[in-house]
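# Architecture at a glance
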Amino acid sequence: MAFAQLDFDLAAGHSSGAVPTILQPSDDAFAQAAACLRAGGLLGLPTETVYGLAANAADDAAVGRIFAAKGRPSDHPLIIHVAEAAALDLWAREISDEALRLAEAFWPGPLTLILKRGPSTSRAVTGGLDTVAVRVPQHPVALAVLRAFGGGVAAPSANKFGSVSPTTAAHVADGLGEAVGLIIDGGACNVGVESTIVDVSQTDPANGVAAILRPGGVPQEALAQVLGKPMPVRVSEQVRAPGQLPSHYAPEARVRIVDARELAAEAATLAARGLKVAVLTSHVNDFWPPGVEAVFLPANPEDAARRLYAALREVDQRQCHVVLSPLPLEVGVGVAVADRLRKAAGPR
Ligand code: TXA
Ligand code: MG
């Protein structure tokens, strides 16, 4: 099997080469990916949202390697990716009608459901919680790998804890290096921000209603439409979701949210103080003050989501000290883009 040639050092969770192997999608690549997962290795897996750092969800040692590679605290729960909604029963219990309706409407797609943990789902994946996060991704490569593997795959975004999520195979290799042995190149992610997380774990309406824990690829309006009632956003007090921590999704450069009308003046002021300043803007060809770098972020929310993380990476490549960004229109996936920008601008 070609997997043997990949030369993983599984015990260390590192490949022995300095750079990960990046394969183009093919039946052979999917078979290698499945073999990597079966052997307890870490796989860079493209999804429609962002690239995931994938491991066999039923293998606690492999799941442990995810936390080590990311530098992420082990009490932070992971999302289990499966090939179809029918697999839900293997990982979750007491699945409500609401949960099934959402799964039916949005899977495969950028929606993660929080459900009661199934009896055989390891607490290593759920960070010790009695709930579990599950999603069926839409990316054809993710689905092909999940089918070839046949089990559930735990996958956080394939970046170091707290930093910018990867939307290309090269981003994964740049951020995690040899910690990930194999990456399947699925091209640039089509959604570009993470899945929407909806908590449907409360089956007794007296204990609470379905709520959004993290805005993402599926807009709030679309969820409300399917359920025929408003979908509230709940920001948890006990911060268990890293996506709910103040500073997250952040580049090296300091991020500041600035009103679009103040952008040029604010950038000029900072540049005059000797800082290398980037602005995220759809008007890259406008006049920008000397010392200010315009980095393209489209105005349309879907396009902005697709481009956001690459734009934040570009700011760091240009070695800017600070990046100023106006908030996008908060409609549709624009809500998730604004959320990520606010988190990136959060206190460090
Ligand atoms: O789009 C996505 O969701 C990507 C791709 C790879 O699927 N994955 C992703 O994973 O964003 P990660 O680990 O970066 O973020 C998952 C979020 C975390 O904020 C985690 O705390 C939350 O899901 N989460 C997982 N299980 C949970 C649970 N049982 N209760 C509450 N939050 C949970
Ligand atoms: Mg993440």
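Residues numbered from 1 in each chain as written. Chains lettered and ligands numbered in written order. Predicted model: local features only at pLDDT ≥ 70, side-chain atom pairs only at ≥ 80, totals over all residues. Heavy atoms only, no water.

### A few points about helix H9 (residues 263-272)
Residues separated by three or four positions in an α-helix point in the same direction, a consequence of the helix having 3.6 residues per turn. Along H9, the positions that sit buried rather than exposed are Leu-263, Ala-267, Leu-270 and Ala-271. Projected onto a plane normal to the axis of H9, the buried residues spread over an arc of 100° and lie on a single side. In H9, those exposed residues whose orientation departs by more than 90 degrees from the buried face are Ala-265 and Ala-272. On its buried face, H9 is in contact with strand E14 (254-257), strand E15 (277-281), strand E16 (292-296) and strand E17 (322-325). (Buried < 20%, exposed > 50% of the residue type's maximum accessible area, 1.4 Å probe, protein only. Helix = DSSP H or I, 4+ residues; strand = E, 2+ residues; numbered from the N terminus. Arc of directions from axis to C-beta. Contact = heavy atoms within 4.5 Å.)

### Re the pattern of salt bridges
Inspection of every chain in the model, using the stated rule, returns 18 salt bridges. Between Asp-130 and Arg-117 there is a salt bridge, and its shortest N-O distance comes to 3.3 Å. In this pair, Asp-130 sits in the loop between helix H5 (123-126) and strand E9 (131-135) while Arg-117 sits in strand E8 (residues 111-117), placing the two residues 13 residues apart along the sequence. Given the relative accessible area of 36%, Asp-130 is considered partly exposed. Its relative accessible area of 12% is what places Arg-117 among the buried residues. A salt bridge links Glu-330 to Arg-342, with the shortest nitrogen-to-oxygen separation between them at 2.7 Å. In this pair, Glu-330 sits in the loop between E17 and helix H11 (334-344) while Arg-342 sits in helix H11, placing the two residues twelve residues apart along the sequence. (Salt bridge = Lys/Arg side-chain N within 4 Å of Asp/Glu carboxyl O.)

### Let's talk about the packing of aromatic side chains
Under the criterion given, the structure shown has one aromatic pair. Of note, Arg-340 hangs over the ring of Tyr-249, and the distance from its end group to the ring centre comes to 5.0 Å. (Phe/Tyr/Trp six-rings, centres within 6.5 Å; stacked < 30°, edge-to-face > 60°. Lys NZ or Arg CZ within 6 Å of the ring centre and 35° of its normal.)

### Brief notes about the confidence of the model for the protein
Of the residues in the protein, 91% have a pLDDT of 70 or more, and the chain-wide mean is 92. For residues 1-16, every residue scores under 50 in pLDDT, and the model assigns this stretch 36 contacts once sequence neighbours within four places are set aside. (pLDDT = per-residue confidence, 0-100.)

### Quick look at the environment of Ala-58
Within the element layout of this structure, Ala-58 appears in the loop between strand E5 (52-56) and helix H2 (60-70). With relative accessibility at 61%, the residue Ala-58 sits in the exposed group. Sequence separation of Ala-58 and Ala-250 is 192 residues, and the distance between their C-alpha atoms is 31 Å.

### A look at the sheet that holds E16
As a general point, the strands of a sheet are linked pairwise by backbone hydrogen bonds and lie either parallel or antiparallel. Ordered by their spatial adjacency, four strands build an open sheet running E14-E17-E15-E16, and the pairing between neighbours is parallel. The sheet terminates laterally at E14 and E16, the two strands that pair on one side only. Taking the axes of each pair of neighbouring strands and ignoring which way they run, one obtains an average angle of 25° across the sheet. Note: E14 against E17, four bridges, orientation parallel. Looking across to E17, one finds that Val-255 is bridged to Val-323. This element, H11, spans E14, E15 and E17 of the sheet and lies at about 125° to E14. (Pairing = 2+ DSSP bridges. Axes fitted to C-alpha atoms, helices over the stretch in contact; angles between N-to-C directions.)

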